[in-house]
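Below are the chains, spelled out letter by letter.
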Amino acid sequence: MAQERVQLDEEIISCPICLDLLKDPVTIPCGHSYCKNCIKDHWDTEDEKEIYSCPQCRKSFTPRPELLKNTMLAALVEELKKTGLQAAPADLCYAGPEDVACDVCTGRKLRAVKSCLSCPASYCEKHLQPHYDVATLKKHKLVEPSEKLQENICSRHDEVMKMFCRTDQQCICYLCAVEEHKGHDTVSAAAERTERQRVLEGSRHNIQQRIQDREEDVKLLQQEVEAINGSADKAVEHSEKIFTQLIRLMEERRSHVKQQVRSQQETEVSRVKELQEKLEQEITELKRKDAELKKLSHTEDHTQFLHSYPSLSPLSDSTHSSSIKIRPLKYFEDVTAAVSEVRDKLQDVLIETWTNILLTVTEVDVLLSQPENKTRADVLRYSCEITLDPNTANTHLFLPEGNRRATYMRQHQSYSDHPDRFTAWSQVLSRESLTGRCYWEVARRGRVVGVAVAYKNISRVGRSDESGFGLNDKSWMLYCSTDSYKFYHNKVQTPVSGPRSSRIGVYLDHRAGILSFYSVSDTMTFLHRVQTTFTQPLYAGLWFCLSGESAEFCKLK
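Residues numbered from 1 in each chain as written. Predicted model: local features only at pLDDT ≥ 70, side-chain atom pairs only at ≥ 80, totals over all residues. Heavy atoms only, no water.

## Overview of the overall build of the protein
Helices and strands together make up the secondary structure of the protein, namely 11 helices and 24 strands. Of all 557 residues assigned to the protein, the portion counted as buried reaches 29%. The contacts in the protein between residues at least 6 apart in sequence include a share of 53% that link residues at least 24 apart. Split by element, the accessible area of the protein, about 37,100 Å² in all, is 53% carbon and sulfur. (Helix = DSSP H or I, 4+ residues; strand = E, 2+ residues; numbered from the N terminus. Buried < 20%, exposed > 50% of the residue type's maximum accessible area, 1.4 Å probe, protein only. Contact = heavy atoms within 4.5 Å. Areas by Shrake-Rupley, 256 points an atom, 1.4 Å probe, with all protein chains shown as cover.)

## Some points on unusual backbone geometry
Residue Pro63 is bonded to the preceding Thr62 through a cis peptide linkage, with omega at 0°. Its location among the elements puts Pro63 in the loop between β4 (60-61) and β5 (68-69). Residue Pro120 follows Cys119 across a cis peptide bond; omega there is -20°. Mapped onto the secondary structure, Pro120 falls in the loop between β6 (114-116) and β7 (121-123). Of note, the phi angle at Asp158 is positive, near 55°, even though the residue is not glycine.

## Description of the side chain of Asn70
Examined against the element boundaries, Asn70 turns out to sit in the loop between β5 and α3 (71-82). What makes Asn70 buried here is its relative accessible area of 16%. A distance of 3.4 Å separates the side chain of Asn70 from the side chain of Ser33, its partner in a polar contact. At a separation of 3.3 Å, a polar atom in the side chain of Asn70 contacts the main-chain amide nitrogen of Met72. Contacts of Asn70, omitting those with residues within four sequence positions, involve Pro25, Val26, Thr27 and Ser33. (Polar contact = N/O pair within 3.5 Å; in protein donor to acceptor, adjacent residues only side chain to side chain.)

## A closer look at the sheet that holds strand β1 (residues 25-27)
In a beta sheet, neighbouring strands pair by backbone hydrogen bonds and run either parallel or antiparallel. Judged by pairing direction, the sheet is antiparallel, and its three strands sit side by side in the order β2-β1-β5 without closing on themselves. With partners counted over all chains shown, the strands left at the sheet margins are β2 (33-35) and β5, one partner each. Pairing of β1 with β5, which is carried by two bridges, proceeds in the antiparallel orientation. Across the sheet, Val26 pairs through a bridge with Lys69, a residue of β5. Sheet contacts for helix α2 (residues 36-44): β1 and β2; angle to β2, the most-contacted strand, approximately 95°. (Pairing = 2+ DSSP bridges. Axes fitted to C-alpha atoms, helices over the stretch in contact; angles between N-to-C directions.)

## Side note on the UniProt feature "coiled-coil region" (unreviewed entry) in the protein
The UniProt feature table records "coiled-coil region" (unreviewed entry) at residues 204-231 and 262-299. Within the segment residues 204-231, helix and strand shares are 100% and 0% respectively, and the terminal C-alpha atoms sit 40 Å apart. (UniProt positions renumbered as here; feature names shortened; annotations may be inferred.)

## As for the pairing of strand β18 (residues 485-489)
Taken residue by residue, a regular strand's side chains alternate between the two faces of the sheet. In terms of strand pairing, strand β17 (residues 475-481) meets β18 through five bridges, oriented antiparallel. For Tyr479, the partnering residue across the bridge sits in β18 and is Lys486. Where β17 folds back on β18, the antiparallel hairpin that results is connected by three residues. Between β18 and strand β19 (residues 492-496), which pair antiparallel in sequence order, lie two residues; one of them, Asn490, sits at a positive phi of approximately 55°.

## Some details on helix α8 (residues 189-297)
For α8, built from 109 residues, the straight-helix expectation of 162 Å at 1.5 Å per residue is met to within 8% by its first-to-last C-alpha distance of 153 Å. Looking only at α8, the buried set comprises Glu192, Glu282, Lys289 and Leu296. Packed against the buried residues of α8 are β9 (163-165), β11 (186-188) and α9 (302-308). (Expected span 1.5 Å × (residues − 1).)

## A few points about the pairing of strand β23 (residues 538-544)
The element β23 is extensively covered by neighbouring structure, given that seven of its seven residues are classed as buried. Burial along β23 is two-sided: the residues Leu538, Ala540, Leu542 and Phe544 and Tyr539, Gly541 and Trp543 are all buried. For strand β16 (residues 448-455) and β23, the ladder comprises seven bridges, and the chain directions are antiparallel. The residue bridging Ala452 from the neighbouring strand is Gly541, located in β23.

## With respect to the state of the cysteines
Evaluation of the coordinates by the stated rule reveals zero disulfides. There is no disulfide at Cys173, and the cysteine sulfur nearest it, in Cys176, is 3.5 Å away. Cysteine Cys384 remains unbridged, with the sulfur of Cys438 as its closest cysteine sulfur at 4.7 Å. (Disulfide = S-S within 2.5 Å.)

## Overview of the confidence of the model for the protein
Do not read the fine detail of predicted coordinates wherever pLDDT is low. Taken over all residues, the pLDDT of the protein has a mean of 86, while the share at 70 or more is 89%. When the criterion is pLDDT under 50, residues 1-8 qualifies, and its contacts beyond four places in sequence or with other chains add up to two contacts. Across residues 85-91, where pLDDT falls below 50, the model places 14 contacts with residues more than four positions away in sequence or in other chains. (pLDDT = per-residue confidence, 0-100.)

## Focus: the environment of Thr533
Its location among the elements puts Thr533 in the loop between β22 (524-531) and β23. Sequence-wise, Thr533 and Arg511 are 22 residues apart; in three dimensions their C-alpha atoms are separated by 7.9 Å.

## Things to note about the sheet that holds β11
Pairing is antiparallel across the open sheet formed by three strands, whose spatial order is β10-β9-β11. Strands with a single pairing partner mark the edges of an open sheet, and in this sheet they are β10 (170-172) and β11. Looking at each pair of strands side by side, their axes are set apart by 35° on average, direction ignored. When β9 meets β11, the two strands line up antiparallel, connected through three bridges. Note on β11: the bridge partner recorded for Met163 is Ser188.

## Things to note about a nonpolar patch on the surface
A surface patch of nonpolar side chains, about 770 Å² in accessible area, is lined by Ile242, Phe243, Leu246, Ile247, Leu350, Trp354, Ile357 and Val361. If you list the elements that add at least two residues to the nonpolar patch, you get α8 and α10 (333-362). Here Ile247 is to be found in helix α8. (Patch = residues over 30% accessible without salt bridge, like charges linked within 9 Å, V, L, I, M, F, W, Y side chains within 5 Å. Salt bridge = Lys/Arg side-chain N within 4 Å of Asp/Glu carboxyl O.)

## Comments concerning the side chain of Ser550
Here Ser550 lies in strand β24 (residues 550-553). On the basis of relative accessible area, Ser550 is assigned to the buried category, the value being 8%. Setting aside residues up to four positions removed in sequence, Ser550 forms contacts with Ala406, Thr407, Ala443, Arg444, Arg445, Val449 and Phe544.

In structure tokens form, the structure reads like this:
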């Protein structure tokens, strides 16, 4: 009892504003007491209104009342401090904003420790005690503190709803069962709870089983990740070794060719220089002989001339110039040609096999292939934003702000020259490259519009098959007119049947090599599917035939 009295005293001498023991307590005209600084700060905020109110009873005062010290409360606070008793910390006893408050406490409420479903009410530890002591109350159902007890009270009869109407699927009180729910299939709330608990447990069992299955799947997938990483690491390691061997082989061949050329160069230069020296010696001898003959020819004494003439030495054998064959600019050029031929053959081999190598890499697919998309919701998961690239637009195509729509115009548009621009066909490509899984929709207006995809390296110049969508092996196009569909690829035309629609959906699974077209209205109808191998990123495209036609990439998100 003493403890209860102390708690009561603590409530009386606590400030309603700061919830702490009163400091310098003052009493205002309505009789309520506050810390002097607390009520002063509160009224300072009301100075502009010139009407001052009590935070508890809301009674107003004009003018601002004078604050007088409450000597009795001040003495009581000082006495309580002397005894060493302090107010219980608010976070341990009193209900905070997020706590369930005791429904029995008056004034400042304590935190509830239990809620009673039978009463229904929430109780602090003190006010809960009768539920442990009184025989009738012991039968009540106590639960953790709840703020939703009022949801258990019938709003019509103000009674606890202890029954359940299966006909209307709602909780009711016993008066509801004999009035507006008379004749309905009604049971006790406990019985319905038991039945639904059984269903709930079954659902939980299924969920737990699925969790277990999924955890096993996750383990398997983790093993697959480790296997993929291990296989990829080995492939990279072995590929590096093979390419290193190829590079080393090329280096050896390069060094061998260089060595052979230099050796032959040295041999041939030596032969030429040897012949050059012989010719230079012959020239020297001929010059000496010419000087001797010249001297003799100038001798005026005939007898002396005739006496000296027989003694002239005969000329040595001459190196005839006809034996020297010069091949202008034809020394080692044949070697360069032969090496170039090897290079060209290697390039051809790499081009032919490189695609196969890349396809072998992309064909690695651990997961099961994705099921065929059957609804629009299936493909909308892969929807992507697509805008048009003005640098690719033919000059007859007008692209308004946003670059999502293109319109075929009679007059040329003032576009600057650009190497990516289609010069003849009325076509345009998207800015975005498309890989992975993508879905987009095109809304068309007019008699004929082509919805296409193409590689970036499609030709842009002239009205040839190499630059027209669907007329080469670098593009695929669905031709959409008011009365038919046709599909074009590499100049091959395929008739397509399906409902006419002003909106065409396109689904791309780049890795799987799937390109599908759909007619979209209230429902989505499959039109045509391509199964191939895409070796480059794709770009969405539009093709036009007649002036006034337009098409727009729809916003799907």
